[in-house]
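Examination of the molecular architecture
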Amino acid sequence: MFFSFIRFIGTTFLRIINGKPRVLNKERLPQGNYILVAPHRAWFDMVYLSWAATPKQFCYMAKKELFKNPLLRWLITHLNAFPVDRSKPGMKAIKTPVKWLKERDISLIMFPSGTRHSQKLKGGVLLIAKMANVPIVPAVYQGPLTFRDVLKRHKPAIAFGDPITVGQGRLSKDDQARILEQMNTAFQQLDDQIDPNYVYQDPAKAKK
């Protein structure tokens, strides 16, 4: 309930100052739980991705440093976040989302690249999908990358791809590479569907 309320407040605020986002292919979202994966492009793209998949609720990983502040810890915990040590992820980073995906009516938003400043896919999402027996749904966000861009009313768009089934068998390195390549291809196709001329430019790198 708290997650839905905060999502409503956040998306209402963004829509007031930046207009209603365009959502493509929402019919591709599965009925049950799934892992929504996307390139991490803005600190608020998770809000747009979550809104576009409404009414589904989501959990997500957050770096453990964010949980040191008691007030922030209370807030993000009630928003279904769980801490992850990025320097030493360990099995806890896998077991928590697997448990939630299996036992709760909640899906997972995950950025396989890890940060907004890296576009390299990591294989953790494959292990979680395999252990929880849920599909992976690729998605992309195009729109403002900074709050300053939001104020310029650069209208965002979100597109969902076809679910990718990982399966329950053993994943070889070739299998992992094939699925990660399938995700990368889906990201490119979705970007092209929204805007074939789109090129992501990391704001942090653009300043250098």
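Everything below is about the structure shown above.
Attention here is on the structure that accompanies the text. (Residues numbered from 1 in each chain as written. Predicted model: local features only at pLDDT ≥ 70, side-chain atom pairs only at ≥ 80, totals over all residues. Heavy atoms only, no water.)

Thoughts on the packing of helix α4 (residues 92-103) against helix α5 (residues 124-132)
- Look at α4 against α5: their axes get within 9 Å of each other, and the N-to-C directions meet at 40°. When the axis of α4 is compared with that of α5, the two are oblique. Handedness of the α4/α5 crossing: right-handed. Along the contact surface, α4 presents A93, I94, P97, V98, L101 and K102, while α5 presents G124, L127, I128, M131 and A132.
- Looking at the contact of α4 with α5 residue by residue, the class counts come to nine nonpolar, one polar and one charged. (Axes fitted to C-alpha atoms, helices over the stretch in contact; angles between N-to-C directions. Helix = DSSP H or I, 4+ residues; strand = E, 2+ residues; numbered from the N terminus. Parallel < 35°, antiparallel > 145°, perpendicular 65-115°, else oblique. Left-handed = near helix turned anticlockwise from the far one by under 90°. Contact = heavy atoms within 4.5 Å. Nonpolar A, V, L, I, M, F, W, Y, C, P; charged D, E, K, R; others polar.)

Let's talk about unusual backbone geometry
- Of the consecutive residues T54 and P55, the connecting peptide bond is found in the cis state with omega at 15°.
- Along the chain, P55 falls in the loop between α2 (45-52) and β3 (58-63).
- One non-glycine residue, N80, adopts positive backbone phi at about 70°.
- Positionally, N80 belongs in the loop between α3 (70-78) and β4 (81-84).

Points about the sheet that holds strand β6 (residues 136-142)
- Spatial strand order, β1-β7-β6-β2-β5-β3-β4: seven strands in an open sheet with mixed pairing. Of all the strands in the sheet, just β1 (22-24) and β4 have a single pairing partner and so form its edges. Here the strands of the sheet are splayed against their neighbours by 25° on average, with no regard to which way each runs.
- Sheet topology places strand β2 (residues 35-37) next to β6; three bridges connect them, and they run parallel. Note on β6: the bridge partner recorded for L36 is V137. (Pairing = 2+ DSSP bridges.)

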